[in-house]
Amino acid sequence: MDLAKTFLVAGLAFMLLSSCQSNGVFEKVAFFQKHEWAASNQPEFQFAVTDTTALYHIYAVIRHEDAYRYNNLWVHFSTQSPGDSAKKQLINLRLADNRRGWLGTGMDDVFDHRIRLTQAPIQLKSGTYKFSLQQAMREDPLPYMLNAGIRVEKVAK
């Protein structure tokens, strides 16, 4: 009887662990010296896609201090697909609103934001993608910025 219970528990544990799927996350950030992001500092990231049947979301990852003076962050977001030229777009990232305050999660005086850049899930082709970020605010260098980066995540089926 004890052996049967052991097999049952082991079987249930195996089923639970094998049913957990990784969402294929890639996340990388660049840290800014002196907590300032200069427009000349354009962090670059690479992500290799092997699963072309999956759908993905792309996020901007931003961390700043509570003393950051703006509700938003303008960034030039550049994407280069495998075998393609880079495409650059200007994006307004909302970090706060006047009613709720900071929209990200915070601890003490540090706030993290993961802001989805893709409206709907997208299919990526096989190969290496290159991303870069450049702050496009009027203030340069931009104070109270700790880091910025990219997150690529598989959409759960």
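The text that follows walks through the structure, step by step, so that each part is easy to find. (Residues numbered from 1 in each chain as written. Predicted model: local features only at pLDDT ≥ 70, side-chain atom pairs only at ≥ 80, totals over all residues. Heavy atoms only, no water.)

### Description of the overall build of the chain
Put simply, the rule is: Here a helix means four or more residues in a row that DSSP labels H or I, a strand means two or more in a row labelled E, and each is numbered from the N terminus. When accessible area is computed with a 1.4 Å probe and restricted to protein chains, residues below 20% of their type maximum are described as buried, those above 50% as exposed, and intermediate ones as partly exposed. The contact criterion used throughout is that any non-hydrogen atoms of two residues lie within 4.5 Å. Calculation of accessible area relied on Shrake-Rupley with a 1.4 Å probe; when residues are assessed, cover is drawn exclusively from the protein chains displayed.
When helices and strands are counted, the chain shows one helix and 14 strands. Of all 157 residues assigned to the chain, the portion counted as buried reaches 36%. For the chain, the share of sequence-separated contacts (at least 6 apart) that also reach a separation of at least 24 residues comes to 77%. Here the chain has roughly 10000 Å² of accessible surface; of this, 53% comes from carbon and sulfur atoms.

### Things to note about the packing of aromatic side chains
Inclusion rule: By convention, a stacked pair of Phe, Tyr or Trp rings (six-membered ring in the case of Trp) has centres within 6.5 Å and planes under 30 degrees apart, an edge-to-face pair has planes over 60 apart, and any other such pair is tilted.
Counting across every chain of the model gives eight aromatic pairs. Both rings, one in F47 and one in Y56, keep their centres 6.3 Å apart while their planes meet at 75°; by these two values the pair is edge-to-face. Each member of the pair F47 and Y56 is classed as buried. Relative to F131, the ring of Y129 has its centre 6.5 Å away and its plane inclined at 15°; by these criteria the two rings are stacked.

### Side note on unusual backbone geometry
Peptide bonds are, in most cases, trans, and in most cases residues other than glycine have a negative phi. For the peptide bond that leads from D140 to P141, omega is 5°, which places it in the cis range. Structurally, P141 can be placed in the loop between β12 (127-135) and β13 (142-143). You will see that D108, though not glycine, has its phi angle at about 60°, which is positive. Within the fold, D108 resides in the loop between β9 (105-107) and β10 (110-116).

### Focus: the pairing of β12
Rule in force here: At least two bridges found by DSSP between two strands is the condition for calling them paired.
Taken together, the six bridges between strand β3 (residues 44-49) and β12 define a ladder with antiparallel strand orientation. From the neighbouring strand, A48 faces β12, where its bridge partner is T128. Across six bridges, strand β5 (residues 72-80) lies against β12 in antiparallel orientation. Looking at the pairing, S78 lines up with S132 of β12.

### Regarding the environment of S126
Relative to the helices and strands, S126 is located in the loop between β11 (122-123) and β12. By relative accessible area, S126 is classed as partly exposed at 49%. The spatial distance from the C-alpha of S126 to the C-alpha of V49 is 5.1 Å, given a sequence separation of 77 residues.

### Some thoughts on the pattern of salt bridges
Let me state the cut-off plainly: Note on definitions: salt bridges are taken to be side-chain nitrogens of Lys or Arg within 4 Å of carboxyl oxygens of Asp or Glu.
Applying the stated rule across the entire model yields nine salt bridges. In this structure, D112 and R63 form a salt bridge, with 2.5 Å as the shortest nitrogen-oxygen distance. With D112 in strand β10 and R63 in strand β4 (residues 55-65), this residue pair connects regions lying 49 residues apart in the sequence. The exposure class of D112 is partly exposed, given its relative accessible area of 21%. D97 is paired through a salt bridge with R94; the nearest N and O atoms lie 3.5 Å apart.

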